[in-house]
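# A structural walkthrough
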Amino acid sequence: MKRWCLLTLVLLLDSCGGVPEQPVSEPVSAFSSLPDYSAEQPSEPSSEIASSEETVDPRLAELAALHEQNNDLAGWITISDTGIDFPVMQRDNSFYLTHGFDGKWDKDGLPFMDSRCLLREGMFSVNTLIYGHNMDGQVFRDLTFYRELDYYKEHPFVTFDTIHDLGQWVVFACFEANTEPRFGPVFEYYNFINDHDPKQIQWYLDEVKSRSFFLSPVEVNAEDILLTLQTCANDRYETKVCVAARKLREDEMLDSFDFESAEENLDRLKAR
């Protein structure tokens, strides 16, 4: 079995604040100076506008305007009824750990896409990785609640719109992983990004599902486009919590899944 080279990323060595307590009911955001971005579907355009080949979705136009303010903008991520509603940046794998959208120092940072991930129109890496802090209830803290089955059932979808494409994603797993060899076996999910070997992709999917806190009704295979969101667990040193999703297929709707059939994974492979 092929192994990926272990990359020592700053984002995997950075600590992330205190232990989470309760889910937030409103998005916690330090970005009040930014224009609002709505991940909701816009109202139907008029027939005159709809007939024009030059029509640009207003959400993409909004992201384009934000991109003009900061060319590091990759897109925007939202999970309804959680505190996750943030711009996603892409630069190196350290700058937005400690900087805000305006480029100034900010201890909470911003979610950012791994620098190795593709950001092109109509194209994604096999697995797009986005990292965010779990610090004082900020940024990606709410990902840790996916360790609870009921939370998953209530929040199964992710909206991740890039500056090129709008997208809905459906969550199929949440796992915890050790990233420090001194604490035990390491699952190098953070190095699985652009591997196109179907056998390797299936191996990765099997590993993720074997570690998941729940068994999901969402079917996923080597042809799907994957998304992984990472934050610090904080209740275990250097352990990361990751939420894995895939892009909705062309024939799927938000009501295509029976999430009530999801179950706890009592035999999950634990981080250590």
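My aim in this report is to walk through the structure given alongside it, one point at a time. (Residues numbered from 1 in each chain as written. Predicted model: local features only at pLDDT ≥ 70, side-chain atom pairs only at ≥ 80, totals over all residues. Heavy atoms only, no water.)

Moving on, we get to the pattern of salt bridges. Scanning the model with the defined rule gives 13 salt bridges in all. One salt bridge in this structure joins Arg246 and Asp224, with 3.8 Å as the shortest N-O distance. Of the two residues, Arg246 sits in strand 11 (residues 239-247) while Asp224 sits in the loop between strand 9 (214-215) and strand 10 (226-232), which places them 22 residues apart along the sequence. Accessibility classification places Arg246 together with Asp224 in one group, the buried group. A salt bridge links Arg249 to Asp224, with the shortest nitrogen-to-oxygen separation between them at 2.8 Å. (Salt bridge = Lys/Arg side-chain N within 4 Å of Asp/Glu carboxyl O. Helix = DSSP H or I, 4+ residues; strand = E, 2+ residues; numbered from the N terminus. Buried < 20%, exposed > 50% of the residue type's maximum accessible area, 1.4 Å probe, protein only.)

Below, the discussion takes up helix 5 (residues 198-211). Helix length check: helix 5, at 14 residues, gives a terminal C-alpha distance of 20 Å against a target of 20 Å (1.5 Å per residue), a fit within 8%. Listing the buried residues of helix 5 in full gives Gln200, Ile201, Tyr204, Leu205, Val208 and Arg211. Projected onto a plane normal to the axis of helix 5, the buried residues spread over an arc of 140° and lie on a single side. Those residues of helix 5 that are exposed and angled more than 90 degrees off the buried face are Pro198 and Lys199. Buried residues along helix 5 sit against strand 4 (127-131), strand 8 (168-178), strand 10 and strand 11. The N-terminus of helix 5 is capped by Asp197, whose side-chain oxygen sits 3.0 Å from the backbone nitrogen of Lys199. (Expected span 1.5 Å × (residues − 1). Arc of directions from axis to C-beta. Contact = heavy atoms within 4.5 Å. Polar contact = N/O pair within 3.5 Å; in protein donor to acceptor, adjacent residues only side chain to side chain.)

Quick look at the nonpolar core now. Soluble globular proteins: nonpolar side chains tend toward being buried together. Grouped together as the largest cluster of nonpolar side chains are 72 residues, with contacts concentrated most on Ile77, Tyr146, Phe172, Tyr189 and Leu229. The greatest single-element share of this core, amounting to eight residues, is contributed by strand 8. The residues contacting Tyr146, other than those within four sequence positions of it, are Ile79, Tyr151, Tyr152, His155, Val171, Cys174, Phe214 and Val243. (Core = buried A, V, L, I, M, F, W, Y, C linked by side-chain atoms within 4.5 Å.)

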